[in-house]
Amino acid sequence: MIASLHSLTAAELAARYPATHPVGDWVRAHLAPAGAFTVNALIALALTTVFVSLTALFLVWMERKVCARFQLRLGPNRVGPFGLLQTLADGLKLFLKESFMPREADFFVYHLAPLIPITSSFMVFCVLPFDHNIQIADPQGGLVYLAAFLGMGVFGVLLAGWASNNKYSLLGALRSGAQMIAYEISYVLCLLLIVLASGSASTRDIVLAQQGTVLDWWLFKLPGCGALGFIIFIISSTAELHRAPFDIAEAESELTGGFHTEYSGMGFSMFFLSEYANLFVASGLGATLFLGGFLAPQFGFGPLDRALELVPGCVWFMLKVYGLVYLYMWLRWTFPRLRVDQLMSLEWKFLLPVALGNLAVAAVLVALGWLLP
Amino acid sequence: MNITDVLFYADAALILGSAVLAVSLRHVLHAALALMMALFSTAGLFLLLHAEFAALVQVLVYIGGVVIFIVYTILLTAHLGEEVPRSHPAKQLGALAGALLFCALLLAVLWAGRAWEVPAAHAADAALAQAGGVKGIGRRLLSAAPDGFLVPFEIVSLLLLAALVGAISIARKPAGDPGEGPK
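About the thresholds
Residues numbered from 1 in each chain as written. Chains lettered and ligands numbered in written order. Predicted model: local features only at pLDDT ≥ 70, side-chain atom pairs only at ≥ 80, totals over all residues. Heavy atoms only, no water. Helix = DSSP H or I, 4+ residues; strand = E, 2+ residues; numbered from the N terminus. Buried < 20%, exposed > 50% of the residue type's maximum accessible area, 1.4 Å probe, protein only. Contact = heavy atoms within 4.5 Å. Buried area = accessible area lost by both parts, 1.4 Å probe. Salt bridge = Lys/Arg side-chain N within 4 Å of Asp/Glu carboxyl O. Phe/Tyr/Trp six-rings, centres within 6.5 Å; stacked < 30°, edge-to-face > 60°.

J.: Give a description of the environment of Gln92(B) that names residues and reports values.
T.: Residues and elements named next belong to chain B. Inspection of the secondary structure assignment puts Gln92 in helix H4 (residues 89-113). In this structure Gln92 comes out as partly exposed when scored by relative accessible area, which is 38%. C-alpha separation for the pair Gln92 and Ser169, spaced 77 residues apart in sequence, amounts to 39 Å.

J.: Describe the interface of chain B and chain A, and please don't skip the residues or the numbers.
T.: As a measure of interface size, the accessible area lost when the parts come together is often cited. Each partner contributes to the interface: chain B provides 24 residues, whereas chain A provides 27 residues. Interface area, chain B with chain A, both sides summed: about 2300 Å², of which 81% is carbon and sulfur. Per-residue buried area on chain B facing chain A is highest for Ile68(B), Tyr72(B) and Leu75(B); these three make up 25% of the total on that side. Taken together, chain B and chain A are joined by zero salt bridges. Listed by contribution, the elements that provide at least two residues to the side of chain B that touches chain A are helix H2 (28-48), helix H3 (52-76) and helix H6 (134-141) of chain B. The element contributing the most residues to the side of chain B that touches chain A is H3(B), with 13 residues.

J.: Could you give an account of the environment of Val23(B), with specific residues and numbers?
T.: All names here are of chain B. Along the chain, the position of Val23 falls in helix H1 (residues 3-24). In this structure Val23 comes out as exposed when scored by relative accessible area, which is 73%. Along the chain, Val23 and Leu35 lie twelve residues apart, while their C-alpha atoms are 8.4 Å from each other.

J.: Kindly report on the packing of aromatic side chains, identifying the contributing residues and their values.
T.: Residue and element names in this part refer to chain A. With the rule as written, the count across this model stands at 20 aromatic pairs over all chains. Relative to Trp61, the ring of Phe58 has its centre 5.5 Å away and its plane inclined at 35°; by these criteria the two rings are tilted. Of this pair, Phe58 and Trp61 both sit in helix H3 (residues 33-70), three residues apart, which is roughly one turn of the helix. Ring centres of Phe233 and Phe290 lie 5.6 Å apart, and the angle between their planes is 50°; on these two criteria the pair is classed as tilted. Here Phe233, found in helix H11 (residues 225-240), pairs with Phe290, found in helix H13 (residues 265-290); they are 57 residues apart in sequence, far enough to count as distant. Linked through ring pairs, Phe51, Phe58, Trp61, Phe125, Phe130, Phe280, Phe317 and Tyr322 together constitute an aromatic cluster.

J.: Describe helix H6 (residues 115-125) of chain A, and please don't skip the residues or the numbers.
T.: Residue pairs spaced three or four apart in an α-helix point in one direction, given the helix's 3.6 residues per turn. Listing the buried residues of H6(A) in full gives Ile116(A), Pro117(A), Ile118(A), Ser120(A), Ser121(A), Val124(A) and Phe125(A). Buried residues along H6(A) sit against H3, helix H5 (107-112), helix H7 (142-150), helix H8 (153-163) and H13 of chain A.

Keep in mind these numbers describe shape, not what the thing actually does.
Structure below.
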């Protein structure tokens, strides 16, 4: 029913956007099925590890540079060209630092907590479609998977705050727990909006459902609903990421650092790494759901469209992702922090009703077949 | 013994081990973590049965919802650092009797159904995966056909609405009570 609205049939889509990557095909051709399965999974794991680490290093540098621009400073500019190696030096310093644990802290939980957020970021990376054939897994329920594992990150914060045996940490953890549980509702309602529009919960199918010109991206479709959904998505994902203006979990001026106050060395860097990995994941999700993911932007003008199509999909994906990353940084360095009560009333009294109403209107529009702007 | 069997036994051992820890650990938060592990490995069991949607919902609802609320509530209690006192021997005996009765009933049901003699269970894997995926479940859940679950689904959502209204009416301040905080 919904699939007929898109210009290409399933067979044409499969021919145009093959799901398998040449490297994976080569491995499958040269090894037995079980061996190929293992080798491909190991390649994917190694690539993800390298990619996540490099991305986090780059994003920390980018955050400092963008922040410096907003505050009329220069930012890091001594280590390496444009200060690019500054985060590497900082990371090395964190690596060599002694890891302190408060005497009365709970040993097991204290050491478990920093591993949970980074694990959930890695799990979520598996379903991001970097290109039509660069995606580790494409489960049918991709967005349910995303919602499930994004929600797991809050465990790390709650447990870290408690295990530190520090009242500031515990306060930060409780605040952030309440915040993440609240904003997750609007977040998931945005995912639901896209599932409704695309008729699929697989991230790859969602991107392929946005075929056509730029106006076919879900951001512009479903007159008004797509754009409103995008705004709600940006607000609620900023809250899920604990970034300013929603950083009450850390709130340097009130809680000295919140849940990670008592962490040093590698424990702290794990939290830091997952924070920036999650920033990339949120932007990647925004690009996939609302901005056509790996599809090249098309403007309905022949020669220009064909020229844009020559650029590989993963380049478009990264460009869209970094556009959104810049948007998150822009928000962070522009708005002052909200109070706890303001934060809660924003979600429960404003965002949630608006997201629910948006979903209801979108459902009517989809039922009537009015997808176009 | 193929790879599925190995995975099943590893997962079952994990579930049983963490379930035993969840009821035997003396520290409340550690017990909650063991419960989380047990629920998480149950999702693995669903995956082995090709019930992708059930596995995802298991993680989403039990880990992301139930256990988070349990941990959150534990963090709000004042007696967090203390260990739970050992329960009365009579209670332990009662629990043991209950567990034995459950095992007996389970064996009886399994024996009556001969559950281990499922012929060629893996022949229909693809069809199972289709039926257990998001699309298959979603279609049946909202279908008015005889095999659909539209009416139970709507009744359950009504129940959920009633629970929400109840929660709000309990949480709201009585009329005329200015409550605490700045006025």
